[in-house]
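Chain and residue survey
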Amino acid sequence: MHPHQRPIFLITLLLCIIIKANAQQPTTTISIINTTKQPIPFATVKATATDSLKSITKITDSSGIAVFQLSQNLQYVINVTSVGYSATEKRITITGNNTFTITAKPSPTALGNVTVTSTRPVMRQEDDKTIIDPENLANSSTNAFEILEKTPGLFVDQDGNVYLSSTTPAKIFINGREQRMGTSDIATMLRSLPPNSIQSIEILRTPSAKYDASGGGGIVNVVLKKGVRIGLTGTVNAGLNQGVYGNQFAGMNLNNSAGKLNTYINLQYSRRNNYDQIKTDRLFAADTILSQDAFTRYPQNSFYVGVGFGYELSKKWEISYDGRLNLNNAKNNTVNSSDITKLSTNELITSNVANVQNKANSTSISQSISTKYKIDSSGSEWTNDLSYTGNPNTTSQNFATGFMVPNRSPSAGDGAVTTKFNFYSISSNVLWKLPKKFTVETGIKSTFVSFSNNADYFRVIEGSRTVDNFRTAAFNYRENINSGYLQASKNVSGIVVKMGVRAENTNMEGNQLVPKDTSFNIHRTDLFPYIYISRNLMTIMSYELKAYLVYRRTISRPSYDLLNPFPRYIDPYLFETGNPALRPQFTQNYEANISVNERPIFAVGVNNTKDIFTNVIYQADSSKSLAYRTYDNLGTNKETYFRILGAIPPGRKYFIVAGLQYNHNFYNGLYENKPLGFKRGSFSIFTYQTLKISPTTQFTINGFARFNGQLQFYELTSFGSLNFSLNQQFLNKKLMISLNATDVLFTNNNSFSLQQGTVNASGYREADTRRFGINVRYNFGFRKKEENNMFNIESPEKGN
């Protein structure tokens, strides 16, 4: 069998098994709506057989739908509970495939004096995405980026890339919109967001045709909180943590609902300071080694404001606006000592110390306006979205190198870099809920990117300041992507089949004006098919076992910062540059996974990638001691992975969830025009545990460990992090104080090695990751209390 046919064969075989195992089980769909015929998402629906009292509990999806496998010709009692609604009961009889609609009425109890109980799992599977409830993670975090670092199943490297696998970084979306900025800019923006501003985190390892095809590494969608529909709520929070250097933050958010108008505002100021240390030994000749020790300190101040509103124009039309502003002021200082030694005689040939100072001021402005038209009461809708993101930055750099061996005059230089980034997006989507459980989705989208970079550098030699022609550069980039998709889903004898295709027309144009023309143009149109199949397998002790099969073809386009050929000074022996000849990479992903009561427990998959581009280090032609870091297309990669997730609760007061993931990569291609064959497998484990000491006190442990790690072609030693938090509530659970400790054992550091082509290097990297801190949060307005089942984590403010 041809290697590319094996995943298709496995999916077909699993599909046949699923169909055979479930051919006789009818599907019952229960839709939960309110008195205005709007769906109620995340409601708890319990079906109890009247003859045996056997029950099955489900949570409605974002469309208010819960799907059951219930026995033929039996009567069931359906109980529905949800926040802000009275408990509802209805009797039904199952005859074949059925669809029932249940209306829940608002609770008549005064909201100011009521405590509502509902169920919200920390991790659940909804169709082709995993949804994370970040409530507990926010309690011990100072910003949104730290929440991603602690999210089970995500890996965030030292440069801010977020990985779902080990090959390609995931795309970061905020409120369903891709953030088309560089990695460092996205990380800076997320570090400005308040930790309690996140409603949920959606992980899409194989996104549907509705989403942009540029998700070869998957998508992490950060959903921010907006105005709620239950009165007035607000939070005031502040905190600090201390490592070698300290971080502090303070902020507030306010949400209000007044009839048809919902409004919100989030404010946060944060001051951060940390360090990063990299020690490297690079063998650049048979008997000569370059040893470097670079220590960088990163102080930063940021201010964030987010505002928005949602307004019901009529029973069918809604309009909403979201705006975010990030102001950041950062500076870093790197001191890098370098020694070149002859190994055979231990002779010190060269010794110098480089000092690099960078100061940056950046602004990020995001504006979006969207509308929704409710076509009918079954959930059909037409949505439109118009958004803009602007990110102007100014950076100044000063660098100087002092030479001890041999003793000579120091060299120095300085530069100023100005960048302007603009991103526009317009989209329109239609969702039709048709008879006989048939759903059709279609939409169109256009995005426009403009980026300009101007760098003016000078060298200072013996007091004379002249233009540095090597580093002075000007680069412009334009991008336009036009896309459309069509996908449909149908429940066929209990098997949900969703199929779709997305077409994307890509137009990219880059022009380096200084020092030389490196213009490029790309115009192409590609198709990206998508297949999703799900089926309930069986019910064991009221827990429903469900299987999913997913296929998607995706593309990863190089971003503007990877294409920009401007050489960025790192130290006297290393610089960083983009590659304007970089081609997009294409990935075909196959995954099969199983969930229990919508909680994912097992997955296995394959990613086949061609024209893969990754971070590489090449030796410069001008000098054996000089290297440059860039991105290049290397060939193909086959990644095979599996995940296991489980929970074992010994009682109501204690909860533990743990997971394991294995990734194996096989690269095959060329590195520096020489054959490349690289294989490596790595294991990652993670856990999240809570102990409820009292009704107002909770102790939490979370952590991860990665063994035999890999990051592109870097081979990493084992590393991980163990974190603790103790949460205590006061003032009738309105005030919460959280004591937290991050990377207590200081194990989130690693040794690394890189042996590819002419580059033979090894080293060690650590950062200011061990921290101890305190967070204080005061809630006012309406609160709710939540209880959790065996797959849920209970937040300390959510009661008994």
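Located above this text is the structure these notes cover.
Fair warning: this is a prediction, and the values are worked out from it, not measured in the lab. (Residues numbered from 1 in each chain as written. Predicted model: local features only at pLDDT ≥ 70, side-chain atom pairs only at ≥ 80, totals over all residues. Heavy atoms only, no water.)

1. What about the packing of aromatic side chains?
Under the definition given, this model contains 24 aromatic pairs. Summarising the aromatic geometry, the rings of phenylalanine 155 and phenylalanine 719 are spaced 5.9 Å apart at their centres and angled 50° between planes, so their arrangement reads as tilted. A residue pair is termed long-range when its members are at least 10 positions apart, and phenylalanine 155 in strand 11 (residues 155-156) and phenylalanine 719 in strand 42 (residues 719-730) qualify at 564 residues. Comparing phenylalanine 155 with phenylalanine 719, the two get one shared label, buried. Each ring, one from tryptophan 317 and one from tyrosine 373, has its centre 4.9 Å from the other, and the planes form 45°; the classification is tilted. With a gap of 56 residues between them, tryptophan 317 in strand 21 (residues 317-342) and tyrosine 373 in strand 22 (residues 347-374) connect regions that are remote in the sequence. Taking the relative accessible area as the measure of exposure, tryptophan 317 reaches 31% and is therefore partly exposed. (Phe/Tyr/Trp six-rings, centres within 6.5 Å; stacked < 30°, edge-to-face > 60°. Helix = DSSP H or I, 4+ residues; strand = E, 2+ residues; numbered from the N terminus. Buried < 20%, exposed > 50% of the residue type's maximum accessible area, 1.4 Å probe, protein only.)

2. Section: the sheet that holds strand 7 (residues 98-103)
In spatial order, the strands read 4-1-7; together these 3 strands make up an open sheet with mixed pairing. On the outer flanks of this sheet lie strand 4 (65-69) and strand 7, each paired with one strand and no other. Across the sheet, the mean angle from the axis of one strand to that of its neighbour is 20°, orientation sign disregarded. Across 6 bridges, the pairing between strand 1 (residues 27-33) and strand 7 is parallel. Directly across from threonine 28, in strand 7, lies its bridge partner asparagine 98. (Pairing = 2+ DSSP bridges. Axes fitted to C-alpha atoms, helices over the stretch in contact; angles between N-to-C directions.)

3. Looking at a nonpolar patch on the surface
On the surface, a nonpolar cluster with roughly 530 Å² of combined accessible area is contributed by Leu240, Leu691, Ile693, Leu726, Leu739, Ile774 and Val776. Relative to the helices and strands, valine 776 resides in strand 46 (residues 771-781). (Patch = residues over 30% accessible without salt bridge, like charges linked within 9 Å, V, L, I, M, F, W, Y side chains within 5 Å. Areas by Shrake-Rupley, 256 points an atom, 1.4 Å probe, with all protein chains shown as cover. Salt bridge = Lys/Arg side-chain N within 4 Å of Asp/Glu carboxyl O.)

4. What to know about empty space enclosed by the protein
This model, assessed by the stated rule, comprises 11 cavities of 30 Å³ or more. Roughly 320 Å³ of internal volume is contained in the second largest cavity. Along the wall of the second largest cavity there are 28 residues; nearest its centre are Gln125, Thr130, Arg205, Pro600 and Arg643. Counting only elements with at least two residues in the lining of the second largest cavity, the list comes to strand 9 (123-126), strand 10 (129-132), strand 15 (198-204), strand 31 (543-556), strand 34 (585-596), strand 35 (599-619), strand 36 (627-647) and strand 37 (654-671). The biggest single contributor to the lining of the second largest cavity is strand 35, with 4 residues. Partitioned by chemical class, the residues of the lining of the second largest cavity number 16 nonpolar, 6 polar and 6 charged. (1 Å grid on protein atoms, 1.4 Å probe; cavity = no way out; pocket = protein on both sides within 12 Å on 5 of 7 lines; lining within 4 Å. Points joined across faces, edges and corners; volume = space filled by probe spheres on them. Nonpolar A, V, L, I, M, F, W, Y, C, P; charged D, E, K, R; others polar.)

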